[in-house]
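Topology and contacts: notes
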Amino acid sequence: MAAHRARLQEFEDTLNTDTIDRKRLGRLCFNGCPFENGYRSICWKLLLNYLPKNKPQWKEVLSKQRELYNHFVDEMIVKPGSEASSGAHADDHPLNPNPNSNWGTYFKDNEMLLQIDKDCRRLCPDLFFFQRATDYPCKEIINAASGVETLRKRVEQCVLQSETIKVDRQGKANMIVSRRKRSEEYMTLPDGQEAHWEVVERILFIYGKLNPGQGYVQGMNEILGPIYYTFATDPDIICKEYAEADSFFCFTNLMSEIRDNFLKTLDFDSQCGIGSMMSKLVDKMKSSDERVSQRLQELDLKPQYYAFRWITLLLSQEFPLPDVLRIWDSLFADEERFDFLISMCCAMLILVRDELISGDFPHSMKLVQNYQKTKIDLQTILSKAVEIR
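Residues numbered from 1 in each chain as written. Predicted model: local features only at pLDDT ≥ 70, side-chain atom pairs only at ≥ 80, totals over all residues. Heavy atoms only, no water.

1. Notes on the environment of A195
- Relative to the elements of secondary structure, A195 occurs in the loop between β2 (173-178) and α8 (196-210).
- Between the alpha carbons of A195 and Y136 there is a distance of 9.9 Å; along the sequence they are 59 residues apart.
- Those residues in contact with A195 that lie beyond four places of it in its chain are F130, Q131, R132, A133 and L189. (Helix = DSSP H or I, 4+ residues; strand = E, 2+ residues; numbered from the N terminus. Contact = heavy atoms within 4.5 Å.)

2. As for the packing of aromatic side chains
- The tally for this structure, following the rule as stated, stands at 17 aromatic pairs.
- With centroids separated by 5.8 Å and ring planes inclined at 65°, the aromatic side chains of F72 and F248 adopt a geometry described as edge-to-face. Linking F72 in helix α4 (residues 58-86) with F248 in helix α11 (residues 243-258), this pair joins segments that are 176 residues apart in sequence.
- Ring geometry for Y305 and F361: centres 6.4 Å apart, planes at 90°, overall edge-to-face. Of this pair, Y305 sits in the loop between α13 (290-298) and α14 (307-312) while F361 sits in helix α18 (residues 361-369), and the two are 56 residues apart along the sequence.
- The partly exposed category is assigned to F361, whose relative accessible area is 31%.
- The lysine or arginine in question, K45, covers the ring of F231, its NZ or CZ lying 4.7 Å from the ring centre. (Phe/Tyr/Trp six-rings, centres within 6.5 Å; stacked < 30°, edge-to-face > 60°. Buried < 20%, exposed > 50% of the residue type's maximum accessible area, 1.4 Å probe, protein only. Lys NZ or Arg CZ within 6 Å of the ring centre and 35° of its normal.)

3. Here we look at the pattern of salt bridges
- Applying the stated criterion across every chain, the model contains 17 salt bridges.
- A salt bridge links D74 to K79; the shortest N-O distance between them is 3.9 Å.
- The partner of D300 in a salt bridge is K302, with the nearest N and O atoms 2.6 Å apart.
- Judged by relative accessible area, which is 40%, D300 ranks as partly exposed. (Salt bridge = Lys/Arg side-chain N within 4 Å of Asp/Glu carboxyl O.)

4. Regarding helix α19 (residues 378-388)
- Of all the residues in α19, the buried ones are L378, I381, L382, A385 and I388. The arc that holds every buried residue of α19, seen down its axis, measures 120°, which confines them to one face.
- Contacts from the buried residues of α19 go to α12 (273-288), α15 (321-333) and α16 (339-350).
- N-capping of α19 is provided by D377, with a side-chain oxygen placed 3.2 Å from the backbone N of Q379. (Arc of directions from axis to C-beta. Polar contact = N/O pair within 3.5 Å; in protein donor to acceptor, adjacent residues only side chain to side chain.)

5. Thoughts on empty space enclosed by the protein
- Enumeration over the complete set of coordinates arrives at one cavity of 30 Å³ or more.
- Its boundaries defined by the atoms lining it, the largest cavity holds a volume of some 30 Å³.
- As for the largest cavity, its lining consists of I77, G81, E149, L151 and R154.
- Mapped onto the lining of the largest cavity, the elements with two or more residues apiece are α4 and α7 (151-158).
- The class makeup of the residues in the lining of the largest cavity is two nonpolar, one polar and two charged. (1 Å grid on protein atoms, 1.4 Å probe; cavity = no way out; pocket = protein on both sides within 12 Å on 5 of 7 lines; lining within 4 Å. Points joined across faces, edges and corners; volume = space filled by probe spheres on them. Nonpolar A, V, L, I, M, F, W, Y, C, P; charged D, E, K, R; others polar.)

6. Some points on the state of the cysteines
- According to the stated counting rule, one finds zero disulfides in the structure shown.
- Of all cysteine sulfurs in the structure, the one in C345 sits closest to C346, which takes part in no disulfide; the separation is 7.1 Å. (Disulfide = S-S within 2.5 Å.)

7. Quick notes on the layout of surface pockets
- Size it by volume and the largest pocket reaches roughly 630 Å³.
- In terms of lining, the largest pocket is formed by 27 residues, of which the most central are Y136, P137, C138, E241 and E244.
- Element by element, the count of residues in the lining of the largest pocket is highest for α4, at six residues.
- Looking at side-chain class alone, the lining of the largest pocket contains 14 nonpolar, four polar and nine charged residues.

8. Considering the packing of helix α9 (residues 220-232) against α15
- Packing of α9 against α15 brings their axes to within 11 Å, and their N-to-C directions diverge by 90°. Relative to α15, the element α9 is oriented roughly perpendicular. Side by side, α9 and α15 meet where E222, I223, P226, I227, Y229 and T230 of the first sit next to L321, V324, L325 and W328 of the second.
- Per-class residue counts for the contact of α9 with α15 are eight nonpolar, one polar and one charged. (Axes fitted to C-alpha atoms, helices over the stretch in contact; angles between N-to-C directions. Parallel < 35°, antiparallel > 145°, perpendicular 65-115°, else oblique.)

9. Concerning unusual backbone geometry
- One non-glycine residue, N49, lies in positive phi territory at about 60°.
- A relative accessible area of 48% places N49 in the partly exposed class.
- The backbone of C124 shows a phi angle near 45°, a positive value even though the residue is not glycine.
- Examined against the element boundaries, C124 turns out to sit in the loop between α5 (102-121) and α6 (139-142).

Below is the structure:
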């Protein structure tokens, strides 16, 4: 207890200075950020370069960025949603070949939105948080008087009808039109409320619109989810209120560092992006545990089969959310910028070395693809990763 109080005091002393010592902060965060007093939220904003190290600038920076995000919401969701509801583009039509057609943009956006919606609805299924209503919904969107078409309703309306053929007893084929029942799969909140997953959906939609060269790639929801959860559950009310805007910019900054992992053009054989990261893992395993490395080669258990997800999603799918938050404390604080992630992956493999050495391919594949079931204590993995590094 005394040690914990002393640690909290260290964080307080580090953060209560006009100029934040980033190296000192990094060393503290590497060993885990406390949730008390909103320290994790503040530290992540600093480590992800959202907040400057000059503390007197924080208020101005936050105000400016939050206002900018509100502008993005207005330009990319509120205005188009109002126009869609009012039929403002009646002179346009769905088959208009003009590249500047509003309908063309609408259909293209819908392709991206359908994937985002599908991923966000099932975000952290073991945690009810994302299905709950947020206390800070976007009022311009949920206000019935505004007439704005919400992203959720837009998705529900653009799910295409599917046609099935039914053959009766006389052998006649009759076409039956059916509509997929999305609402039965997930709880839907009443009008005037927004679930946390809908906030995440909005952030990702705006990110995709602002980054047309990359757009939305499946898995980005798993990167944004823990960031948004951290800010939206912060004990500080102001942090909760602006969790959406702050999450957007922290996510954007993080993606600027790991975006190459999501580019298909930089896949397994590339010298950069995810290919480079997996090569580093193979090399690190050889130097850390030659026997396990050799066994993986004998089994032909390529890193593409398991490490692709580990690295791309920063281990967010391999551990429960509380453990993911602790892992990310270390990853964000890593001066080498995610070099520690490779050490974590090596530690995970080495800690199941006996099973890998004795097991066959199916057993080993199941083991590494469902690592959470090994129930190895996170602190044990972290300690082993520090030893490897």
